[in-house]
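# Analysis of the macromolecular model
Listed here are the chains, written in short residue letters.
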Amino acid sequence: MPKIIYVDINGARRECNVANGVSVMEGAIANGIAGILAICGGSCACSTCHTYIDPEWMDRVGAASDIEDSTLELAYDRKPNSRLSCQIEVTDKLDGLVVHVAQNDG
Ligand code: FES
């Protein structure tokens, strides 16, 4: 099972085993990661699952789709490495991925 490393808004780092096929957001919720709200439940409509992808992982994670890109416009403090974690599917190729939780509660 891939390991995803979440760094929450307080800088706390947690290594979590997340099953293939679920989203990085679902993995965060299942593991109680602070700061991932996911108010829309993963339908790419709210931006409250906003994360920053560790720069070393940007190529492997890839770019946001057009729909995600427009929802990211709602996110606070969007950066070049911003992604909505509900739109990233966990696979073996993301084993070791480091994501930093963004400020999602306004
Ligand atoms: S959970 Fe709402 S956009 Fe990701």
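Provided above is the structure to which this section pertains.
A brief report on the enclosed structure follows.

### Points about the pairing of strand S3 (residues 50–53)
Here S3 runs beside strand S4 (residues 82–84); their pairing, made up of three bridges, is antiparallel. Residue pairing in the sheet places His 50 in a bridge with Leu 84 of S4. As defined by bridge partners, S3 adjoins strand S5 (residues 97–101) across three bridges and the pair is classed as antiparallel. Looking at S5, one finds that Thr 51 is bridged to Val 101.

### Looking at the sheet that holds S3
Reading across from one edge, S2-S1-S5-S3-S4 is the order of the five strands in this open sheet, with mixed pairing throughout. Edge strands, defined here as strands with exactly one partner in the open sheet, are strand S2 (13–17) and S4. Strand-to-strand twist across the sheet, computed as the mean angle between neighbouring axes with direction ignored, equals 35°.

### Observations concerning the environment of Gly 27
Along the polypeptide, Gly 27 turns up in helix H1 (residues 24–30). Judged by C-beta crowding, with 24 C-beta atoms within 10 Å, Gly 27 ranks as buried. A sequence separation of 11 residues divides Gly 27 from Cys 16, and the C-alpha atoms of the two residues are 7.8 Å apart. If sequence neighbours within four positions are ignored, Gly 27 has contacts with Ile 4, Cys 16, Val 18, Val 22 and Val 90.

### Remarks on the pairing of S5
Burial of the side chains of S5 is restricted to one face: Leu 97, Val 99 and Val 101 are buried, whereas none of Val 98 and His 100 on the reverse face is. Pairing of strand S1 (residues 3–7) with S5, which is carried by four bridges, proceeds in the parallel orientation. Bridging from a neighbouring strand, Ile 4 pairs with Leu 97 of S5.

### Comments concerning the nonpolar core
Judged by nonpolar contacts, the single largest core of 20 residues is most densely connected at Ile 4, Val 24, Met 25 and Ile 36. Setting aside residues no more than four positions away along its own chain, Ile 36 makes contact with Met 25, Ala 28, Ile 29, Cys 49, Ser 85, Val 101 and Asn 104.

### Brief notes about unusual backbone geometry
At Ser 47, a residue that is not glycine, the phi angle is positive and equals roughly 75°. Structurally, Ser 47 can be placed in the loop between H1 and S3. A tally of 24 C-beta atoms within 10 Å means that Ser 47 is categorised as buried. One non-glycine residue, Asp 77, lies in the positive phi region at around 55°. Relative to the assigned elements, Asp 77 resides in the loop between helix H3 (66–72) and S4.

Basis of the calculations
- Residues numbered from 1 in each chain as written.
- Predicted model: local features only at pLDDT ≥ 70, side-chain atom pairs only at ≥ 80, totals over all residues.
- Pairing = 2+ DSSP bridges.
- Helix = DSSP H or I, 4+ residues; strand = E, 2+ residues; numbered from the N terminus.
- Axes fitted to C-alpha atoms, helices over the stretch in contact; angles between N-to-C directions.
- Buried ≥ 20, exposed ≤ 12 C-beta atoms within 10 Å, placed from the backbone.
- Contact = placed C-beta atoms within 7 Å.
- Core = buried A, V, L, I, M, F, W, Y, C linked by C-beta atoms within 7 Å.

Purely spatial values, then, with no claim about function.
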